[in-house]
Amino acid sequence: MLQTALGLATADRNGFYGPVTRAAVERVQAGAGLAVDGVVDGPEWQAIQAALG
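A brief look at the structure comes next.

1. Describing helix 2 (residues 19-31)
Over its 13 residues, helix 2 runs 18 Å from end to end, which matches the ideal 18 Å to within 8%, given 1.5 Å per residue. Within helix 2 the residues assigned to the buried category are Thr 21, Ala 24, Val 25 and Gln 29. Seen from one end, helix 2 has its buried residues packed into an arc of 140°, which puts them on one side. Facing away from the buried side of helix 2 by over 90 degrees, the exposed positions are Pro 19, Arg 27, Ala 30 and Gly 31. Those residues of helix 2 that are buried lie in contact with helix 1 (2-5) and helix 3 (42-52). With its phi angle positive at about 75°, Gly 33 sits one or two positions after the end of helix 2.

Next comes the structure, spelled out in C-alpha cells:
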C-alpha cells in the first residue's frame, strides 16, 4: 500500500521496503519539511495523502 501511495512504478511495487521505497519516502519527508530518516509514521502518511490531493 505504501509503494502505491508513493506513486512508485509498477515494477517497483514489490512489497519490500528497499532502496527505491526508502528514497521515495525520504523525498516526501524532505518536501514536507520532516526529518529525513526514511521512517514512515503519522506525519509521513499525512504528507503522502496531501500530495495525492
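2. Section: helix 3
Considered for burial, the residues of helix 3 that qualify are Glu 44, Ala 47 and Ile 48. Down the axis of helix 3, the smallest arc covering the buried residues is 100°, so these residues share one side. What points out from helix 3, more than 90 degrees from its buried face, is the exposed set Gln 46, Gln 49 and Ala 50. Looking at the buried residues of helix 3, the elements they touch are helix 1 and helix 2. In the stretch just after helix 3, Gly 53 is the one whose phi turns positive, near 85°.

About the cut-offs
- Sequence positions are assigned chain by chain, starting from 1 and proceeding in written order.
- Confidence filtering applies because this is a predicted model: local features only for residues at pLDDT of at least 70, side-chain atom pairs given and counted only at 80 or more, and all residues used for totals across whole chains, interfaces and linings.
- In computing side-chain properties, one takes all heavy atoms of the structure into account and sets aside hydrogens as well as water.
- Strands are runs of DSSP state E lasting at least 2 residues, helices are runs of H or I lasting at least 4, and numbering of each runs from the N terminus.
- A helix is expected to span 1.5 Å multiplied by its residue count minus one.
- Accessible area is worked out with a 1.4 Å probe on protein chains only. A residue is then buried under 20% of its type maximum, exposed over 50%, and partly exposed in between.
- Here the arc refers to the directions that run from the helix axis out to each C-beta atom.
- Note on contacts: a residue pair is in contact if any heavy atoms of the two residues lie within 4.5 Å.

That is the geometry; function is a separate question.
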